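Survey of secondary and tertiary structure
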Amino acid sequence: HRPVRHRRPRVLQFDVAADGRLSPKQPALVYAGDEPHSIAVHPDGTSVYVTDEDHGKVRQYDVGPGGELVAKDPRYVKAGSRPRGVAVSPSGDTAYVLAVGGIVVFDVGPGGALTRRPTAVDVPSCELEDLALTPDGKHLYATSGDGRVFQFSVAADGTPLAKSPPALAVEGRPLGLAVGPDGSAVYVATGR
């Protein structure tokens with residue numbers, strides 16, 4: 001009979017050598033809630049955001065002088081039920097988090113702290129998985145495990161606005177997604 005080990009989910013952090021090899025930072029692990037799902041780095045490299053699916057939070061960190069993560073004050077902001085994907089606009093002034101029922105939009109303040117906007121953008125799915133922005137920040141896409149990819153234009157104030165059609169049906173269960181460096185292609189990983 002083996003003893004039960006309780007895992008403490010964390011963020012792994014690494015240094016990258018000139019040749020691209022990874023080596024653990026000290027400390028190698030940083031606590032990130034009970035079920036971290038996704039992670040995003042602010043474009044200026046000074047802040048990192050991690051969704052904590054179990055507790056409905058976005059944990060927010062400063063990036064220290066050696067690249068190590070240090071919890072901000074406050075350590076987290078509420079994001080709604082089961083937050084998953086997270087992305088930060090290329091301008092760094094808006095962050096987006098998928099939660100049950102929609103996209104929660106955050107303003108990014110001085111020092112990278114998140115402030116939640118009062119109203120989420122409704123997305124008719126309870127299986128939202130991941131989201132990504134085009135490099136110019138003008139378009140946002142979100143995957144849904146129910147077989148759809150949602151598409152949005154992003155208004156000047158950072159609010160996502162549904163395109164027409166608002167979603168495309170795809171084969172399989174859309175999970176992760178990425179946008180090409182010039183914004184001319186979107187790639188979606190699907191499961192069964």
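So, here is what we can say about the structure in this document. Just so you know, these numbers come straight off a predicted model, no measurement behind them.

About the criteria used
Residues numbered from 1 in each chain as written. Predicted model: local features only at pLDDT ≥ 70, side-chain atom pairs only at ≥ 80, totals over all residues. Heavy atoms only, no water. Helix = DSSP H or I, 4+ residues; strand = E, 2+ residues; numbered from the N terminus. Rg over C-alpha atoms; globule rule 2.2 N^0.38 Å. Buried < 20%, exposed > 50% of the residue type's maximum accessible area, 1.4 Å probe, protein only. Contact = heavy atoms within 4.5 Å. Areas by Shrake-Rupley, 256 points an atom, 1.4 Å probe, with all protein chains shown as cover. Lys, Arg positive; Asp, Glu negative; His and termini not counted. Charge placed at Lys NZ, Arg CZ, Asp CG, Glu CD. Pairing = 2+ DSSP bridges. 1 Å grid on protein atoms, 1.4 Å probe; cavity = no way out; pocket = protein on both sides within 12 Å on 5 of 7 lines; lining within 4 Å. Points joined across faces, edges and corners; volume = space filled by probe spheres on them. Nonpolar A, V, L, I, M, F, W, Y, C, P; charged D, E, K, R; others polar.

Below, the discussion takes up the overall build of the protein. On a plain count of helices and strands, the protein comes out with zero helices and 17 strands. Here the protein has a C-alpha radius of gyration of 17 Å; the compact-globule value for 192 residues is 16 Å, and the two agree. A total of 192 residues make up the protein; the buried ones form 42% of that total. Residue pairs in contact within the protein that sit at least 24 positions apart in sequence constitute 38% of those at least 6 positions apart. If you sum the accessible surface of the protein, you get close to 10500 Å²; carbon and sulfur atoms cover 54% of it. Between the centroid of the 21 positive side chains of the protein and the centroid of its 22 negative side chains there is a distance of 7 Å.

A separate point is the pairing of strand E4 (residues 47-52). The buried count for E4 comes to six of six residues, which makes it a mostly enclosed element. Neither face of E4 is left uncovered, since the one carrying Ser47, Tyr49 and Thr51 and the one carrying Val48, Val50 and Asp52 both have all their residues buried. Bridge count between strand E3 (residues 36-41) and E4: four bridges; the pairing is antiparallel. Bridged to proline 36 within E4 is aspartate 52. The turn linking E3 back onto E4 is made up of five residues, and glycine 45 within it adopts a positive phi angle of 75°. Relative to strand E5 (residues 57-63), E4 is paired through six bridges, and the arrangement is antiparallel.

Here the idea is plain: a probe the size of a water molecule rolls over the atoms and shows the empty space left. Summed over all chains, the structure comprises one cavity of 30 Å³ or more. Looking at the largest cavity, its volume works out to about 50 Å³. Around the largest cavity, the lining residues are Arg82, Arg84, Ala99, Val100, Cys126, Glu127 and Leu128. A class-by-class count of the residues in the lining of the largest cavity yields four nonpolar, no polar and three charged.

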